[in-house]
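Next come the chains, spelled out residue by residue.
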Amino acid sequence: MEQIEQLVVLQKVDSEMITLERILEDAPKQLRSLQEKQAYLKQQQDVIQEKVDVLMEQKSRLEGEIENDTQKVKKSKNKLMMVENTKEYHAMMREMDTMEKMNRSREEERANLLADLSDLEGRKEALQGDIDSLEETITAQQSTLDQELAEKRARIEILEKEKRKASEAVPAPILTRYNFIRDRIPNPVIVPVSEGVCQGCHVVIPPQAFIDLQKGEQILSCPNCLRIIFWERHFSGND
Ligand SMILES: [Zn+2]
C-alpha cells in the first residue's frame, strides 16, 4: 500500500515536471517570434533607406545641373547685349530658351523627388515607431520570462529531490516497470481506477482485478493500457 502511495507521489512529481519542462521549452518561442518580427521591420527600414540614398543622389545631380544651366543662361544674357549679328543673336536666344525649358522640367522632376523622399521618410518613421514599441514589449517579456523560468527551474530542482525520495521508497522492479511504461505511453503512468474504470484508457477493469485492487495488497496494471493502477478510494492523488 505504501509503495503504491509512493508511486502516486512519483506520478504527481513526474506530471508536474513534464508540464514545467514543456513551459520551459515553449516560453521563449513567443519572444523569438517578436524578435524575428522586429528584425524584419529593421530590414524593411534598410530597404527604404537604400531608396532614400538613391533619390538623394538624383536630387543632388539635378540641383547641380540646374545650377550649371542657370549660370550659363546668366552669362549668355550678359553676352547678348554685345552681339551685333542678328543670326548669332537668334541662335543664342534659342540656346537660352532650350536651357530654360530643360531647367523647368528638371525643377518638376526635383519636386517629384522631394515628394517621394518625404513619403519614404514618413514610412521610415512609422517603421521606427513599430520597432520601438516592439523593443519595449521584448524587453518587458524578456524580464518576465527570465523571472518565470528561474522560478520554474527552482521548482524542478525541488521536484527532482522529491522524485529521488519517492523512488527510494519503491522497490527496484516496480520502479523499472514504472520507467518502462513511462517511456512508452503518454503520461500519466500511475492512474486511479474510478467506478471500476481505468482513468488512463477509460476501459472497465475485469471484476477479479478490481476486487484485487481494492484489497491493496499488490501492484496491478491495467490489462488494456498497461498503466499501473490504484483504487481511487485509497489515495486521492491530489493531496
Ligand atoms: Zn487502462
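Residues numbered from 1 in each chain as written. Predicted model: local features only at pLDDT ≥ 70, side-chain atom pairs only at ≥ 80, totals over all residues. Heavy atoms only, no water.

Within an unreviewed UniProt entry, the label attached to the protein chain reads C4-type zinc ribbon domain-containing protein, and the organism entered is Desulfomicrobium norvegicum.

Trainee: So what about the domain arrangement of the protein chain? Which residues, and what values?
Mentor: Many analyses report the size of an interface as the accessible area lost when the parts associate. You can read the domains of the protein chain as domain 1 (21–163) and domain 2 (172–231). Taking only C-alpha atoms into account, the centre of domain 1 sits 67 Å from that of domain 2. (Domains from an automatic or database assignment.)

Trainee: Provide a residue-level description of the packing of helix α1 (residues 2–80) against helix α2 (residues 86–169), including the pertinent values.
Mentor: At their nearest, the axes of α1 and α2 sit 5 Å apart, and the two run at 165° to each other. Between α1 and α2, the crossing angle belongs to the class labelled roughly antiparallel. Between α1 and α2 the crossing geometry is left-handed. Among the residues forming the contact of α1 with α2, the class breakdown is 39 nonpolar, 17 polar and 31 charged. (Axes fitted to C-alpha atoms, helices over the stretch in contact; angles between N-to-C directions. Helix = DSSP H or I, 4+ residues; strand = E, 2+ residues; numbered from the N terminus. Parallel < 35°, antiparallel > 145°, perpendicular 65-115°, else oblique. Left-handed = near helix turned anticlockwise from the far one by under 90°. Nonpolar A, V, L, I, M, F, W, Y, C, P; charged D, E, K, R; others polar.)

Trainee: Describe the pairing of strand β1 (residues 190–194), with residues and values.
Mentor: Counting buried residues along β1, 4 of its 5 residues qualify, which places the element largely inside the surrounding structure. Bridge analysis of β1 against strand β4 (residues 228–231) gives 4 bridges, and the strand direction is parallel. Of the residues in β4, the one forming a bridge with V193 is W231. Sheet topology note: the β1/strand β2 (residues 197–198) ladder contains 2 bridges and is antiparallel. Counterpart to V193 in the pairing with β2 is C198. (Buried < 20%, exposed > 50% of the residue type's maximum accessible area, 1.4 Å probe, protein only. Pairing = 2+ DSSP bridges.)

Trainee: Can you break down the side chain of Q45 residue by residue, with the values?
Mentor: Mapped onto the elements, Q45 comes out in helix α1. When sequence neighbours within four positions are dropped, the list of residues in contact with Q45 reads K124, L127, Q128 and I131. (Contact = heavy atoms within 4.5 Å.)

Trainee: Would you mind going over the packing of aromatic side chains in detail, with residue names and values included?
Mentor: Counted according to the given criterion, the structure contains 1 aromatic pair. On the numbers, 6.5 Å between centres and 85° between planes, the contact of F210 with W231 is edge-to-face. Of the two residues, F210 is situated in helix α4 (residues 207–215) and W231 in strand β4; the sequence distance between them amounts to 21 residues. Above the ring of F180, the side-chain terminus of R184 is found at 3.6 Å from the ring centroid. (Phe/Tyr/Trp six-rings, centres within 6.5 Å; stacked < 30°, edge-to-face > 60°. Lys NZ or Arg CZ within 6 Å of the ring centre and 35° of its normal.)

Trainee: Help me get a handle on the coordination of the zinc ion, residues and values and all.
Mentor: Only C198 (SG), C201 (SG), C222 (SG) and C225 (SG) from the protein reach the zinc ion as donors, at distances of 2.2 to 2.3 Å. Of note, the donors binding the zinc ion are all from one chain and are spaced C-x2-C-x20-C-x2-C. You can see C198 sitting in strand β2 and its partner C225 sitting in the loop between β3 (220–221) and β4, a full 27 residues away along the chain. Take C198 and C225: they sit in the same class, and that class is buried. (Donors = N, O, S within 2.8 Å, 3.2 Å for Na, K, Ca; no water.)

Trainee: So what about a negative patch on the surface? Which residues, and what values?
Mentor: On the surface, a cluster of negative charge is made up of E21, E25, E157 and E160. Of all elements in the fold, only α1 and α2 reach the threshold of two or more residues within the negative patch. Assignment of secondary structure puts E21 in helix α1. (Patch = residues over 30% accessible without salt bridge, like charges linked within 9 Å, V, L, I, M, F, W, Y side chains within 5 Å. Areas by Shrake-Rupley, 256 points an atom, 1.4 Å probe, with all protein chains shown as cover. Salt bridge = Lys/Arg side-chain N within 4 Å of Asp/Glu carboxyl O. Lys, Arg positive; Asp, Glu negative; His and termini not counted. Charge placed at Lys NZ, Arg CZ, Asp CG, Glu CD.)

Trainee: Give me the pattern of salt bridges: which residues, what numbers.
Mentor: Pairs can form between side chains of opposite charge once their charged atoms are near each other. One pass over the structure, following the stated rule, counts 15 salt bridges. Among the ionic pairs, K72 bridges to D69, the shortest N-O distance being 3.9 Å. Of this pair, K72 and D69 both sit in helix α1, 3 residues apart, roughly one helical turn. Judged by its relative accessible area of 41%, K72 falls in the partly exposed class. Residue classification places D69 among the buried residues on the basis of a relative accessible area of 8%. In this structure, the salt-bridge partner of E100 is K77, at a minimum N-O distance of 3.9 Å. Pair noted here: E100 is in helix α2 and K77 is in helix α1, with a separation of 23 residues, a long-range link. A relative accessible area of 30% places E100 in the partly exposed class. Through salt bridges with shared partners, a single ionic network connects R61, E65, D69, K72 and R106.

Trainee: Lay out the sheet that holds β3 with the relevant residues and their values.
Mentor: Read from one edge to the other, the open sheet built from 4 strands follows the order β2-β1-β4-β3, with strand pairing classed as mixed. Each of the sheet's edge strands pairs with one partner strand only, and the pair in question is β2 and β3.

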